[in-house]
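# Inside the fold
Each chain, letter by letter, is given below.
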Amino acid sequence: MEDESGSLPPKSDFSAWYNDVLWRAEIMDVRYPVKGLYVWFPFGFGLRRHTYAILRSLLDGSGHDETLFPLLIPKTEFMKEAEHIKGFEEEVYWVTHGGLTELDVPLALRPTSETAMYPMFALWVRSHADLPIKVYQIVNTFRYETKHTRPLIRLREITSFKEAHTAHATWDEAAAQVETALSLYTQFYDDLCVPVIISRRPDWDKFPGADYTMAVDALMPDGRTLQVGTAHHLGTHFSKTFNITYEDAAGEQQFVSQTCYGISERCIAAAIGVHGDDRGLVLPPKVAPVQVVVIPIIMKKQAEEVRAAAEQLRAELDAAGLRVKVDDRDLRPGAKYYHWEMRGVPLRIEVGPRDLAAGTVVAATRDGEKMTLNRAGLAAEIPGVLSAFAGRLRERAEASLTSRIIPAESVETAVEATKSGIAVVHWCGDEACADMIEKETNASVLGTEVRSVHIEKSEGACIVCGRPGTSTVIARTY
């Protein structure tokens, strides 16, 4: 795709900007002829690959094992856990035929994998020596989404669902694993330079079948929050359903306690939304498919010498472990700058005849910082330049989030706060009061036990009933 004619909508018109930048920057093609299913462009798939490589590294380094379970789940297994099924019953795709033959047992396309994995856990666990189990997979999941679909955010095929599932001897060990998951997710989003807020979802909004749910939210440019991760303590709900037991040290049979936690390609939507600008994507260096683009400034004289110098620089940076591209297309330099700015490449290096003579290069980061660097030893200097760039992205994102977190001492002030960001209110925990808050603000009660350096935990009178309440976050959501 090379049609880059026309201007990008301003980011202040976030919905139009988002849809346009996914196309122009070659992240996703929305023209697939099934609603809610999208195609990754190769450049976008590179972004996905490097993003999920960070997740894999974090999980692999913390004792998780990657696995792969089937996509199809027999209805007999899927329907065993009533509360879980009730949460998904309107979203399930069913396979009812194999060719022209009606199946004896319909098969669900996994909306999530508890009912696929846990019958196998029951076969794998025999004694306390088999615990803990900590596995994860990165797979596609299918949910019949009836709301307005949006690439990477609201899908009928989630193409990149990282789901981890664990089993433990005790409830407390499972609770500790939830905290481990949240710590890993915090590290992950720090690498994406995306600040997040963690909170405990209200009981009516927890994962079906969970004892409790902790959620990770990012604030998007339009003032809405995007849920970009969840961690669920499942207790013994599923182990009792699927008879996952172990023999303890005393020879008694005990049900395991379980957790599950997931992140989808919404993490990429968050990075795109939080960092992008009116010129297109702005990508954190750790996930950018191209971290450095080298642009030879070709004149009639010394053309071959400049091309050779650009290629030599590419080889050196590549050997240093950087992802580098030389753009030697027959285009004006300005057109090349536009092309790579749209795609969010963190660093551009220009090599021309004058630079060769001076033993320098001109470099520009995606956020507009220009510098002249010595050609000698350049490969060793670039990681520091990229690290500084990432630091600025992180600082700007943190500042933006901070500016849009607004304490609200009444429903009226919460209404105003949620028009542009997150309201922090005191809430008593009563569902009736939450219903009133949501009705009046047209926003959602995200949760309590809020964890964010930007939000101080406090006690106060519930903004609805006046009874004792605790700090709670409210926002419009996707």
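Going by the structure above, here's the rest.
Just so it is clear, the model here is predicted, and its values are computed rather than measured.

### A short note on the overall build of the chain
Assigned secondary structure in the chain consists of 14 helices and 26 strands. Taken over the C-alpha trace, the chain has a radius of gyration of 25 Å; the compact-globule value for 478 residues is 23 Å, and the two agree within 12%. Seen along its three principal axes, the alpha-carbon backbone of the chain occupies a region of about 80 × 55 × 50 Å. Put simply, of all contacts in the chain between residues at least 6 apart along the chain, 69% involve residues at least 24 apart. Carbon together with sulfur atoms contributes 51% to the accessible area of the chain, which is approximately 20900 Å² in total. In the chain, the 52 positive side-chain charges and the 66 negative ones have mean positions that sit 6 Å from each other.

### Here's the deal with the nonpolar core
If you look at the biggest cluster of nonpolar residues, it comprises 67 residues, and the most contacted ones within it are Tyr18, Ile27, Leu152, Phe188, Tyr189, Leu192 and Ile272. Per element, the largest residue contribution to this core is 8 residues, and it comes from helix 6 (residues 171–191). Apart from residues lying up to four places away in sequence, Phe188 is in contact with Thr51, Ile54, Leu55, Leu58, Ile263 and Cys267. Counting residues in hydrophobic clusters, the runner-up holds 26 residues, among them Phe78, Phe121, Val125 and Ile244.

### Digging into the sheet that holds strand 4 (residues 72–74)
If you walk across this open sheet you meet the 3 strands as 4-6-5, and the pairing is antiparallel. Two strands bound the open sheet, and with one partner strand each, they are strand 4 and strand 5 (93–98). Put simply, the sheet's adjacent strands are angled 45 degrees from each other on average, direction ignored. Relative to strand 6 (residues 101–109), strand 4 runs antiparallel, the two being bridged by 3 bridges. Looking at the pairing, Leu72 lines up with Leu109 of strand 6.

### Section: the side chain of Arg392
Residue placement: Arg392 occurs in helix 12 (residues 378–403). In this structure Arg392 comes out as buried when scored by relative accessible area, which is 17%. Other than its neighbours up to four places away in sequence, Arg392 contacts Thr365, Asp367 and Glu369.

### Describing the layout of surface pockets
The space that makes up the second largest pocket amounts to roughly 290 Å³. Around the second largest pocket sit 21 residues that line it, and Lys11, Val274, His275, Ala397 and Ser400 are the ones nearest its centre. Looking at the lining of the second largest pocket, the element that brings in the most residues is helix 12, giving 5 residues. When its residues are assigned to classes, the lining of the second largest pocket shows 10 nonpolar, 4 polar and 7 charged.

### Remarks on a nonpolar patch on the surface
Together, Tyr32, Val34 and Val39 make up an exposed nonpolar region whose accessible area comes to about 240 Å². Mapped onto the secondary structure, Val39 falls in strand 2 (residues 39–40).

### Observations regarding the packing of helix 1 (residues 14–24) against helix 8 (residues 266–275)
For any two helices packed against each other, the geometry is given by the interaxial angle and the distance between the axes. Their axes nearest at 11 Å, the elements helix 1 and helix 8 cross at an angle of 115 degrees. At the point where helix 1 passes helix 8, the crossing takes the right-handed sense. Taking contact as the criterion, the partners of Phe14, Trp17, Tyr18, Val21 and Leu22 in helix 1 are, on helix 8, Ala269, Ile272 and Gly273. Looking at the contact of helix 1 with helix 8, its residues break down into 7 nonpolar, 1 polar and no charged.

### Description of the pairing of strand 21 (residues 370–374)
When strand 20 (residues 360–365) meets strand 21, the two strands line up antiparallel, connected through 5 bridges. Residue Ala363 lies in a different strand from strand 21, and its bridge partner there is Met371.

### What to know about the environment of Arg266
Here Arg266 is to be found in helix 8. As a C-alpha pair, Arg266 and Ser7 span 259 residues in sequence and 26 Å in three-dimensional space. Look past the residues within four positions of Arg266 in its chain and what remains in contact with it is Leu152, Ile153, Arg154, Leu226, Gln227, Val228 and Tyr478.

### Observations regarding the packing of helix 2 (residues 42–60) against helix 6
At a closest axis distance of 10 Å, the pairing of helix 2 and helix 6 adopts a crossing angle of 150 degrees. With respect to helix 6, the axis of helix 2 lies roughly antiparallel. Seen along the crossing, helix 2 lies across helix 6 with a hand that is right-handed. For the pair helix 2 and helix 6, contact is made by Thr51, Ile54, Leu55, Leu58 and Leu59 and by Leu184, Gln187, Phe188 and Asp191, respectively. Of the residues belonging to the contact of helix 2 with helix 6, the class tally is 6 nonpolar, 2 polar and 1 charged.

### Re the environment of Ala210
With respect to the secondary-structure elements, Ala210 resides in the loop between strand 9 (197–200) and strand 10 (212–219). In sequence terms Ala210 and Arg348 are 138 residues apart; their C-alpha atoms lie 48 Å from each other. Not counting residues within four places of it along the chain, the set of residues in contact with Ala210 comprises His232, His233 and Leu234.

Calculation rules
- Residues numbered from 1 in each chain as written.
- Predicted model: local features only at pLDDT ≥ 70, side-chain atom pairs only at ≥ 80, totals over all residues.
- Heavy atoms only, no water.
- Helix = DSSP H or I, 4+ residues; strand = E, 2+ residues; numbered from the N terminus.
- Rg over C-alpha atoms; globule rule 2.2 N^0.38 Å.
- Contact = heavy atoms within 4.5 Å.
- Areas by Shrake-Rupley, 256 points an atom, 1.4 Å probe, with all protein chains shown as cover.
- Lys, Arg positive; Asp, Glu negative; His and termini not counted.
- Charge placed at Lys NZ, Arg CZ, Asp CG, Glu CD.
- Core = buried A, V, L, I, M, F, W, Y, C linked by side-chain atoms within 4.5 Å.
- Buried < 20%, exposed > 50% of the residue type's maximum accessible area, 1.4 Å probe, protein only.
- Pairing = 2+ DSSP bridges.
- Axes fitted to C-alpha atoms, helices over the stretch in contact; angles between N-to-C directions.
- 1 Å grid on protein atoms, 1.4 Å probe; cavity = no way out; pocket = protein on both sides within 12 Å on 5 of 7 lines; lining within 4 Å.
- Points joined across faces, edges and corners; volume = space filled by probe spheres on them.
- Nonpolar A, V, L, I, M, F, W, Y, C, P; charged D, E, K, R; others polar.
- Patch = residues over 30% accessible without salt bridge, like charges linked within 9 Å, V, L, I, M, F, W, Y side chains within 5 Å.
- Salt bridge = Lys/Arg side-chain N within 4 Å of Asp/Glu carboxyl O.
- Left-handed = near helix turned anticlockwise from the far one by under 90°.
- Parallel < 35°, antiparallel > 145°, perpendicular 65-115°, else oblique.

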